[in-house]
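Working through the structure, step by step
Residue strings, one per chain:
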Amino acid sequence: MIRLAFAAGVFVYHGVAIGAALPFGPLERALSHFAELSIQGFFIVSGLLVAGSLERSSSLRDYAGKRARRLYPAYAAVILVPAVISLAMTQDVQGVGSYLGANLVFLNFLSPTLPGLFEGNRFPEVNGALWTLKIEVMFYIALPVILLVLKRFGAFWWVLILALYAAGEAWAYYVPQLAPGGYGPELGRQLPGQMAFFAMGIALWKASPGIQRRWAALALCGTALLGASILYPLLEPLRAFALAGVIGAVAWAPGPKLNAARYGDVSYGLYITHFPILQALAAAGLAASLGLAAYLALATALTLAVSFALWHLVEKPALRPTSHYRRVAKDN
């Protein structure tokens, strides 16, 4: 449910940014902050879940196989479908080939556009949400080394987590200042700059047996600190710590179990499919003719339908029968 909420937050922001008649309005600016929090929350949840996945894996090969099965088949489908449409429309083999060569290996920034698609939209990118997937993959690769070091220096486990956190925040702060007009800002938001969030996810995984019953304290402290980090820029380096507290509180609060994946785990599909769907509707002129509310409603229906189809046709078949995701998502 938490991942689905974060995916929805990014979807709404992109929907307003792509479909709004007046760009950079107050609604778009407000939603941009929520989308940023949603992406940061994704990284925390990934840190928690993937650390647990690695701990349960029988080998690095087993771990890598699980990660590849979960991430890549749906990702490849989202890359290939627009490429086929572009090729059919333009017959531009070189342009489509350049797009495929970069995007199939997560280097979306090298070739973000396709010939004939969305060229008249406010944003020409085919899928502006995929930049985070590169960061996820880099974290998957780094995690075995991180956990190995943490285990070797077990007595200093929390010191090393704090060092990871501090190093990530230092990267995010200083790298953009080194090249403010070049690749500095882009490099600043890559993996080292997001490591604080992954580190807090690992910390939640490590501490969860002892702090699950303290969800109320996590909620109080996390919410207060999160609000302060938003209101006061000097406290922004504490954002990952605050957001981890809020996520832990929501996850472990008492109440009915909300199995949002009962009919299919569509959180990943929602995240990777919504942008091109929003772009296609806007390119067809529906954002202008329907109005923002109706445009978002139509985009929501289409994105959910595509996400369920992606789960049942691509994601679920690619997973092992013993996969946690398959056990949770029970068909009725």
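Data block above holds the structure.
Just so we're clear, the structure is a prediction, and the values are computed from it rather than from any experiment. (Residues numbered from 1 in each chain as written. Predicted model: local features only at pLDDT ≥ 70, side-chain atom pairs only at ≥ 80, totals over all residues. Heavy atoms only, no water.)

**Some points on the overall build of the chain**
Summing up its helical and strand segments, the chain has 14 helices and zero strands in all. Helices and strands in the chain line up, N terminus first, as α-α-α-α-α-α-α-α-α-α-α-α-α-α. Scaling as 2.2 N^0.38, a compact globule of 332 residues should have a C-alpha radius of gyration of about 20 Å, and the chain matches this with 20 Å. Summarising its shape, the C-alpha atoms of the chain cover approximately 60 × 45 × 40 Å along the three principal directions. Within the chain, buried positions represent 45% of all 332 residues. Residue pairs in contact within the chain that sit at least 24 positions apart in sequence constitute 73% of those at least 6 positions apart. Accessible surface for the chain amounts to roughly 16,700 Å². Of this, 70% is attributable to carbon and sulfur atoms. Computing the positive centroid from 24 side-chain charges and the negative centroid from 14, the chain places the two 14 Å apart. (Helix = DSSP H or I, 4+ residues; strand = E, 2+ residues; numbered from the N terminus. Rg over C-alpha atoms; globule rule 2.2 N^0.38 Å. Buried < 20%, exposed > 50% of the residue type's maximum accessible area, 1.4 Å probe, protein only. Contact = heavy atoms within 4.5 Å. Areas by Shrake-Rupley, 256 points an atom, 1.4 Å probe, with all protein chains shown as cover. Lys, Arg positive; Asp, Glu negative; His and termini not counted. Charge placed at Lys NZ, Arg CZ, Asp CG, Glu CD.)

**A word on the environment of Ala282**
With respect to the helices and strands, Ala282 occurs in helix H11 (residues 267–283). In this view, Ala282 contacts Ile18, Asn121, Ala287 and Tyr295; residues no more than four positions away in its chain are not counted.

**A few points about the packing of aromatic side chains**
Applying the stated criterion across every chain, the model contains nine aromatic pairs. Ring centres 4.9 Å apart and planes at 90° place the aromatic pair Tyr173 and Tyr174 in the edge-to-face group. Of note, Arg67 hangs over the ring of Tyr140, and the distance from its end group to the ring centre comes to 5.4 Å. Sitting above the plane of the Trp131 ring, Arg189 keeps its charged end 3.8 Å from the centroid. (Phe/Tyr/Trp six-rings, centres within 6.5 Å; stacked < 30°, edge-to-face > 60°. Lys NZ or Arg CZ within 6 Å of the ring centre and 35° of its normal.)

**Comments concerning a nonpolar patch on the surface**
Residues Val145, Val149, Phe153, Phe156 and Val159 make up a contiguous nonpolar surface patch of roughly 480 Å² in combined accessible area. Counting through the fold element by element, Val149 comes out in helix H5 (residues 131–152). (Patch = residues over 30% accessible without salt bridge, like charges linked within 9 Å, V, L, I, M, F, W, Y side chains within 5 Å. Salt bridge = Lys/Arg side-chain N within 4 Å of Asp/Glu carboxyl O.)

**Quick notes on unusual backbone geometry**
Trans is the common state for peptide bonds, and a negative phi is the common state for residues other than glycine. The backbone of Gln91 sits at a positive phi, close to 55°, despite the residue not being glycine. Secondary-structure assignment places Gln91 in the loop between helix H3 (60–90) and helix H4 (93–103). Positive phi, normally seen in glycine, also occurs at Phe106, with a value near 70°. Counting through the fold element by element, Phe106 comes out in the loop between H4 and H5.

**Things to note about H5**
Between its first and last C-alpha atoms H5 spans 33 Å; for 22 residues at 1.5 Å apiece the expected length is 32 Å, and the two agree. Of all the bends in H5, the greatest, near 40°, is centred on Ala142, and the proline Pro144 appears no more than four residues after it. (Expected span 1.5 Å × (residues − 1). Bend = angle between axes of the 7 residues up to and from the residue.)

**Section: the pattern of salt bridges**
Once their charged atoms are close, side chains differing in charge can pair, the charge on each being opposite to the other. This structure, assessed with the given rule, holds six salt bridges. The salt bridge partner of Lys151 is Glu55, with a shortest N-O separation of 3.2 Å. One end of the pair, Lys151, is in helix H5; the other, Glu55, is in helix H2 (residues 26–56), with 96 residues separating them in the sequence. Residue Glu315 is joined to Arg70 by a salt bridge in which the shortest nitrogen-to-oxygen separation is 2.7 Å. Of the two residues, Glu315 is situated in helix H13 (residues 292–318) and Arg70 in helix H3; the sequence distance between them amounts to 245 residues.

**Focus on the packing of H3 against H13**
Viewed as axis vectors pointing N to C, H3 and H13 meet at an angle of 140°, and their least axial separation amounts to 8 Å. By the angle between their axes, H3 is oblique relative to H13. Crossing angle aside, the handedness with which H3 passes H13 is right-handed. Across from Arg69, Arg70, Pro73, Ala74, Ala77 and Val78 in H3, the residues of H13 making contact are Leu310, Trp311, Val314, Glu315 and Ala318. Here the contact of H3 with H13 is composed, by residue class, of eight nonpolar, no polar and three charged. (Axes fitted to C-alpha atoms, helices over the stretch in contact; angles between N-to-C directions. Parallel < 35°, antiparallel > 145°, perpendicular 65-115°, else oblique. Left-handed = near helix turned anticlockwise from the far one by under 90°. Nonpolar A, V, L, I, M, F, W, Y, C, P; charged D, E, K, R; others polar.)

**With respect to the side chain of Ser38**
Summarising the element assignment, Ser38 is placed in helix H2. Residue classification places Ser38 among the buried residues on the basis of a relative accessible area of 0%. If sequence neighbours within four positions are ignored, Ser38 has contacts with Phe6, Gly9 and Val10.

**Section: the environment of Ile230**
Tracing the chain through its elements places Ile230 in helix H9 (residues 215–231). By relative accessible area, which is 47% here, Ile230 ends up partly exposed. Distance from Ile230 to Leu4, taken between C-alpha atoms, is 23 Å for residues 226 residues apart in sequence. Residue contacts for Ile230: discarding those within four places in its chain leaves Leu37 and Arg239.

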